[in-house]
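Take a look at the letters that make up each chain.
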Amino acid sequence: MEDQPVGTTPTPLLELEGLTTIFPLKRGRVQAVTGLTLRLERGQIMGLVGESGSGKSMTMLSILGLVPYPGQIVAGEVRFKGRNLVRASNAELREIRGKDIAMIFQDPMTTLNPIFPIGEQIRESLRIHGLLNGAGPRLPWPFDHARRRAERERVLWLLDEVGIPTPEEASHRYPHEYSGGMQQRALIAIALSCEPQILLADELTTALDVTVQAQIMDLLKRINRDRGTAIILVTHDLGLAAEFCQEIAVMYAGRIVERGPTDPLIEDPKHPYTQGLLDCIPRIAATRRRIQPIPGTVPDLIDLPPGCAFTPRCPHAHDGCTGHAIPLYKVGPGRLARCVLYEH
Ligand SMILES: Nc1ncnc2c1ncn2[C@@H]1O[C@H](COP(=O)(O)OP(=O)(O)OP(=O)(O)O)[C@@H](O)[C@H]1O
Ligand SMILES: [Mg+2]
């Protein structure tokens, strides 16, 4: 940090700058993520919010170099502690995945293997990253025995840590024997197994009822508090993000349309899309106007024209909203909104 010029902030934990991920298809170029710039600080919980298809998961997968074929990152950088992961080799990325940055995928069954007991799967994750002494080539007994015992203890500790009752018995059970909430806890245990500095949680609680959702969110909060793990909470639920995140980034059609600290963003949303999202949330809309869905649907991301993609659904739209790129304007301390309403 000594070589930082005076007055600059220390290197952030994770920085996305101009990240652009596309899918070149026969029928056109799908712009899943366009020029996305974000900064996650150590220990921070950030919400990435937007409707289905807005590019949230592709942003997360881009961070880890896991964008499915034929998708590709065509511009921008993903800097983890200053190191650009877009240019990292596969071996380097494998090392970082799980160990420094862990992702909990949107569909639990993409991570959980139905044919192995949960305990076995957590142990596998520990082994991949060689976090226990002796991990690597098979060792002769009694060293192997000692390693197995250490692994076993760590697995049980992790299951207990994420609130799975009777860890010993639970470790022998298969994913289908777990309830939805318990599956999510098991996923969190796998993600935590290597003590990551960043946890990317993609729609972690979407399929759960509100009580279980609240328990899982409490667990994430505790992890954040006790270990200082930074979290990006990906959700379509702005209310959930408002409750748990210090900062929120709202995405629409692959772009960030508004971002800033949670309280002012919720109290006084600047982008018409954020305003529309808030009016859809019963517990927040009640204190504002009446509950109103946003009319229209999200646009097709193929060959998007320049300008604001929200224009067809926006109550404030006018001729100046299309035909040219719209930058993020400063709309308050630490706040940005991509809307011509705030053109200076
Ligand atoms: N395999 C693919 N091939 C082509 N386009 C894709 C593919 N996967 C995603 N996309 C495009 O990328 C866009 C962003 O997808 P993404 O999965 O990031 O959305 P999301 O915000 O996570 O949505 P959801 O809330 O439904 O999970 C989609 O609208 C889709 O057009
Ligand atoms: Mg998604």
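The paragraphs below set out a description of the structure included in this document. Every chain is numbered on its own, with residues counted from 1 as its sequence reads. Going through the entries in the order they are written, you letter the chains from A and number the ligands from 1. Where totals are concerned, whole chains, interfaces and linings use all residues; where local detail is concerned, this predicted model gives features only for residues with pLDDT of at least 70, and gives and counts side-chain atom pairs only at 80 or more. Remark: hydrogens and water are excluded; side-chain values derive from all non-hydrogen atoms of the structure.

## Thoughts on the overall build of the chain
Convention followed: Only DSSP runs of H or I covering at least 4 residues are called helices, and only runs of E covering at least 2 are called strands; the numbering of each starts at the N terminus. Note on exposure labels: buried denotes an accessible area under 20% of the residue type's maximum, exposed denotes more than 50%, and partly exposed covers the range between, all computed with a 1.4 Å probe on protein chains only. Between two residues, a contact is recorded if the distance between any of their heavy atoms is within 4.5 Å. For accessible areas, the Shrake-Rupley method is used with a probe of radius 1.4 Å. Any residue's cover is judged against the shown protein chains and nothing else. Only four residue types enter the tally: Lys and Arg on the positive side, Asp and Glu on the negative side, with His and both chain ends excluded. For charged residues, the charge sits on one atom: NZ in Lys, CZ in Arg, CG in Asp, CD in Glu.
Scanning the chain from terminus to terminus reveals 12 helices and 12 strands. Dimensions of the chain, computed from C-alpha atoms along their principal axes, come out at roughly 75 × 50 × 45 Å. Within the chain, the proportion of its 344 residues that are buried is 51%. Relative to all contacts within the chain whose residues are 6 or more apart in sequence, the contacts with residues 24 or more apart total 63%. Surface exposure of the chain reaches about 16500 Å², of which carbon and sulfur atoms provide 55%. The centroid of the 38 positive side-chain charges in the chain is displaced by 2 Å from the centroid of its 39 negative side-chain charges.

## Focus on the coordination of the magnesium ion (ligand 2)
Quick note on the threshold: Only nitrogen, oxygen and sulfur atoms within 2.8 Å of the metal, or 3.2 Å for Na, K and Ca, are treated as donors, and water is left out, so sites may look incomplete.
At 2.0 to 2.3 Å from the magnesium ion (ligand 2) lie its protein donor atoms, namely Ser57 (OG) and Gln106 (OE1). Within this pair, whereas Ser57 is found in helix 1 (residues 56–63), its partner Gln106 is found in the loop between strand 6 (101–104) and helix 3 (108–111), the two being separated by 49 residues in sequence. When its relative accessible area of 17% is taken as the criterion, Ser57 is described as buried. Judged by relative accessible area, which is 44%, Gln106 ranks as partly exposed.

## Quick look at the site of ligand 1
Defined as follows: Near, as used in this document, describes a residue that has one of its heavy atoms within 4 Å of the molecule or strand being considered. Polar contacts, as used here, are pairs of N or O atoms within 3.5 Å; protein pairs need one atom able to donate a hydrogen and one able to accept it. Residues neighboring in sequence count only if both atoms are side-chain atoms. Points on a 1 Å grid over protein atoms alone make up a cavity when a 1.4 Å probe fits among them but cannot get out, and a pocket when they form an open set with protein on both sides within 12 Å along at least five of seven lines; lining residues each have an atom within 4 Å of a point. Being in a pocket or cavity means that more than half of the molecule's atoms lie within 2 Å of its grid points. Each residue gets one of three labels, nonpolar for Ala, Val, Leu, Ile, Met, Phe, Trp, Tyr, Cys and Pro, charged for Asp, Glu, Lys and Arg, and polar for the others, Gly among them.
Taken together, 15 residues are adjacent to ligand 1, and Ser52, Gly53, Lys56, Ser57 and Gln106 come closest. Ser57 has a polar side-chain atom sitting 2.8 Å from an oxygen atom of ligand 1. At 2.8 Å, a backbone N or O of Met58 approaches an oxygen atom of ligand 1. In the complex, the protein chains occlude 72% of the 630 Å² of accessible area that ligand 1 would expose alone. Of the pockets mapped on this structure, ligand 1 occupies the second largest pocket. Those elements that place two or more of their residues in the shell around ligand 1 are strand 1 (14–25), strand 2 (28–40) and helix 1. Ranked by residues supplied to the shell around ligand 1, first place goes to helix 1 with 3 residues. The class makeup of the residues in the shell around ligand 1 is 6 nonpolar, 6 polar and 3 charged.

## Structural notes on helix 7 (residues 180–192)
For the record, the criterion: One fewer than the residue count of a helix, multiplied by 1.5 Å, yields its expected span.
With 13 residues, helix 7 ought to run about 18 Å at 1.5 Å a step, and its terminal C-alpha atoms sit 18 Å apart, in line with that. The element helix 7 is largely enclosed, with a buried count of 11 among its 13 residues. Of the positions making up helix 7, those classed as buried are Gly181, Gln183, Gln184, Arg185, Ala186, Leu187, Ile188, Ala189, Ile190, Ala191 and Leu192.

## Some details on the sheet that holds strand 6
The cut-off we apply is this: Whether two strands pair depends on DSSP finding at least two bridges between them. Every axis corresponds to a line fitted to the C-alpha atoms, with the helix fit spanning only the stretch in contact, and the corresponding angles, defined between N-to-C directions, vary from 0 to 180 degrees.
Taken together, the 8 strands give an open sheet; going across it, the order is 6-7-8-3-9-10-12-11, and neighbouring strands pair in mixed fashion. The open sheet terminates on both sides in strands that have one partner only, identified here as strand 6 and strand 11 (329–332). Strand-to-strand twist across the sheet, computed as the mean angle between neighbouring axes with direction ignored, equals 20°. Here strand 11 pairs with strand 12 (residues 335–337) via 3 bridges, running antiparallel.

## Looking at helix 1
Summarising burial for helix 1: 8 of the 8 residues are buried, a large majority. Within helix 1, the full set of buried residues consists of Lys56, Ser57, Met58, Thr59, Met60, Leu61, Ser62 and Ile63. Downstream of helix 1 by a residue or two, Gly65 has a phi angle that is positive, lying close to 65°.

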